[in-house]
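Chain by chain, the residues run as shown.
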Amino acid sequence: MKKTYQGSCHCGSVKFEADVDLAGGTFKCNCSICYKSRAWLAPVQAGDFRLKSGEESLRDYQFGPRRIHHLFCTNCGVRPFSRGKDGKGNDSYAVRVNCLEGVDEQALVDAPVKYFDMRNDDFKTPPAETRHL
Ligand SMILES: [Zn+2]
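Residues numbered from 1 in each chain as written. Predicted model: local features only at pLDDT ≥ 70, side-chain atom pairs only at ≥ 80, totals over all residues. Heavy atoms only, no water.

Digging into the pattern of salt bridges
It is possible for side chains of opposite charge to pair when their charged atoms get near one another.
Here comes step 1: Taken as a whole, this structure holds five salt bridges when the rule is applied.
Here comes step 2: One salt bridge in this structure joins Glu 17 and Arg 50, with 2.8 Å as the shortest N-O distance. On the criterion of sequence distance, the pair formed by Glu 17 in strand 2 (residues 15-20) and Arg 50 in strand 5 (residues 49-53) is long-range, its members being 33 residues apart.
Here comes step 3: Residue class for Arg 50 comes out partly exposed when judged on its relative accessible area of 27%. (Salt bridge = Lys/Arg side-chain N within 4 Å of Asp/Glu carboxyl O. Helix = DSSP H or I, 4+ residues; strand = E, 2+ residues; numbered from the N terminus. Buried < 20%, exposed > 50% of the residue type's maximum accessible area, 1.4 Å probe, protein only.)

Below, the structure is given as structure tokens:
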């Protein structure tokens, strides 16, 4: 079930609100940016995401096929969410689970994690080893 969370970067310049279903699934990925920034993400549809403040503090970073906007706070460097398009071309977001405030610890422990092997451009098969992600 979706729950409304407040989220922010570390310094608090960037604040957002998102309706997230943690029990519905989170994901980790082994692509270069997720790996280097230790991403743990939850998918959020465009209508369930609201940027409250800090638009001016966000800087966009893109690489490779430039499908995803890897936004980060220019003050503290934290990446509270990223933005892209879903399979149908609609806006979609991925919020950092660790940037959500007031999350019950048990809800994080219980949240299912799906692993993507995007290092090998494979969305369907999880990587053979995931413990280090
Ligand atoms: Zn910040």
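Continuing now.
Considerations on the nonpolar core
Here comes step 1: Formed by 21 residues in total, the largest nonpolar core has its most connected members in Val 20, Leu 22, Phe 49, Phe 81 and Val 95.
Here comes step 2: Mapped by element, the contributors of at least two residues to this core are strand 2, strand 4 (41-45) and strand 10 (91-96).
Here comes step 3: When sequence neighbours within four positions are dropped, the list of residues in contact with Val 20 reads Met 1, Lys 2, Lys 3, Tyr 5, Ala 42, Val 44, Val 95 and Leu 100. (Core = buried A, V, L, I, M, F, W, Y, C linked by side-chain atoms within 4.5 Å. Contact = heavy atoms within 4.5 Å.)

Description of the sheet that holds strand 2
Here comes step 1: If you trace the three strands from one edge of the open sheet to the other, you get 1-2-5, paired in antiparallel fashion. The open sheet is flanked by strand 1 (3-8) and strand 5, the only strands paired with a single partner. On average, adjacent strands in this sheet sit at an angle of 25° to one another, irrespective of strand direction.
Here comes step 2: Bridge analysis of strand 1 against strand 2 gives six bridges, and the strand direction is antiparallel. Looking across to strand 2, one finds that Gln 6 is bridged to Glu 17. (Pairing = 2+ DSSP bridges. Axes fitted to C-alpha atoms, helices over the stretch in contact; angles between N-to-C directions.)

With respect to the coordination of the zinc ion
Here comes step 1: For the zinc ion, the full set of protein donor atoms is Cys 9 (SG), Cys 11 (SG), Cys 73 (SG) and Cys 76 (SG), at a range of 2.3 to 2.4 Å.
Here comes step 2: Coordination at the zinc ion is tetrahedral, judged from the four donor atoms that bind it and the angles of 104 to 119° they form at the metal.
Here comes step 3: Each donor residue of the zinc ion belongs to the same chain, and together they define the spacing C-x1-C-x61-C-x2-C. In this pair, Cys 9 is assigned in the loop between strand 1 and strand 2 and Cys 73 in strand 8 (residues 72-73), connecting sequence segments 64 residues apart. A single burial state applies to Cys 9 and to Cys 73, both of which are buried. (Donors = N, O, S within 2.8 Å, 3.2 Å for Na, K, Ca; no water. Tetrahedral: all angles 85-135°; square planar, octahedral: opposite > 155°, others 65-115°.)

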